[in-house]
Amino acid sequence: AMIEAFRWMPLAINGRYGQAMKQWNIAKPDPVGPLERVFLAYLRAGEKEEGALAEAEALRPKLPLEADFIRARYFIATGKTEEAVGALEAAFTAH
């Protein structure tokens, strides 16, 4: 299980989100550092996990652009187009 704990991040970086989420779910390691937190929240947003929104807000003070993109991904995944557009507008205009 320890090796699986480290396999999810390279998959996420390479855009293999479904596989990355499967690997993360095997061991569920705690994210280490802000980059892993961002990627995990992004993956969770794509899986329609509401907790991704809370993680986006927790990241917002230091990573506001990433927080907006996480929110947009969640809203796209859940079919909330208007909210997704709002999150993307915030990302592109405020940052």
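As a reminder, the structure under discussion sits directly above these lines.
Residues numbered from 1 in each chain as written. Predicted model: local features only at pLDDT ≥ 70, side-chain atom pairs only at ≥ 80, totals over all residues. Heavy atoms only, no water.

Asks: For this particular structure, what's the right way to read helix α5 (residues 64–77)?
Replies: Side chains of residues three or four places apart in an α-helix project in the same direction, reflecting 3.6 residues per turn. With 14 residues, α5 should reach 20 Å at 1.5 Å per residue; the first-to-last C-alpha distance of 20 Å fits that figure. For α5, the complete set of buried residues consists of Ala 67, Asp 68, Ile 70, Ala 72, Tyr 74 and Phe 75. Contacts made by the buried residues of α5 are with α3 (33–46), α4 (51–59) and α6 (81–94). One or two steps after α5, the chain reaches Gly 79, where phi turns positive at roughly 75°. (Helix = DSSP H or I, 4+ residues; strand = E, 2+ residues; numbered from the N terminus. Expected span 1.5 Å × (residues − 1). Buried < 20%, exposed > 50% of the residue type's maximum accessible area, 1.4 Å probe, protein only. Contact = heavy atoms within 4.5 Å.)

Asks: When you look at the packing of α3 against α4 in this model, what are you seeing that I'm missing?
Replies: Helix-helix packing is characterised by the crossing angle of the two axes and by the distance between the axes. Orientation of α3 relative to α4, taken along the N-to-C sense of each, is 150°, at an axis distance of 8 Å. In this view, α3 runs roughly antiparallel relative to α4, as classed from their interaxial angle. Crossing of α3 over α4 shows left-handed handedness. Each of Arg 37, Val 38, Ala 41, Arg 44 and Ala 45 in α3 lies in contact with α4, whose residues at this interface are Gly 51, Ala 52, Glu 55, Ala 58 and Leu 59. (Axes fitted to C-alpha atoms, helices over the stretch in contact; angles between N-to-C directions. Parallel < 35°, antiparallel > 145°, perpendicular 65-115°, else oblique. Left-handed = near helix turned anticlockwise from the far one by under 90°.)

Asks: Explain helix α2 (residues 17–27) here, please?
Replies: Here α2 has its buried residues at Ala 20, Met 21, Gln 23 and Trp 24. End-on, the buried residues of α2 take up no more than an arc of 165°, which puts them together on one face. Lys 28 lies just past α2 and shows a positive phi near 50°. (Arc of directions from axis to C-beta.)

Asks: How do you make sense of the packing of α4 against α5 when you look at a structure like this?
Replies: One way to put it is that α4 packs onto α5 with a least axis distance of 8 Å and a crossing angle of 165°. In terms of axis orientation, α4 runs roughly antiparallel to α5. In the crossing of α4 with α5, the sense of the turn from one axis to the other is left-handed. Contacts between α4 and α5 involve Ala 52, Leu 53, Ala 56, Glu 57 and Leu 59 from the first element and Pro 64, Ala 67, Ile 70, Arg 71, Tyr 74 and Phe 75 from the second.

Asks: Would you mind showing me how to read the environment of Val 38 here?
Replies: In this structure, Val 38 sits in helix α3. Look at Val 38 and you get buried, because its relative accessible area is 15%. Once residues lying within four places of it in the same chain are set aside, the contact partners of Val 38 are Leu 59, Leu 63, Glu 66 and Ile 70.

Asks: Teacher, can you tell me more about the nonpolar core here?
Replies: Most often, soluble globular proteins keep nonpolar side chains buried together rather than apart. Core analysis: the largest hydrophobic core is formed by 12 residues, namely Val 38, Ala 41, Ala 45, Ala 52, Leu 53, Ala 56, Leu 59, Ala 67, Ile 70, Tyr 74, Phe 75 and Ala 84. Taken together, the elements giving at least two residues each to this core come down to α3, α4 and α5. Each residue touching Tyr 74, except ones within four places of it in the same chain, is listed here: Ala 45, Lys 48, Glu 49, Glu 50 and Leu 53. Formed by 10 residues, the second largest nonpolar core is a distinct cluster that contains Met 21, Trp 24, Leu 40 and Leu 43. (Core = buried A, V, L, I, M, F, W, Y, C linked by side-chain atoms within 4.5 Å.)

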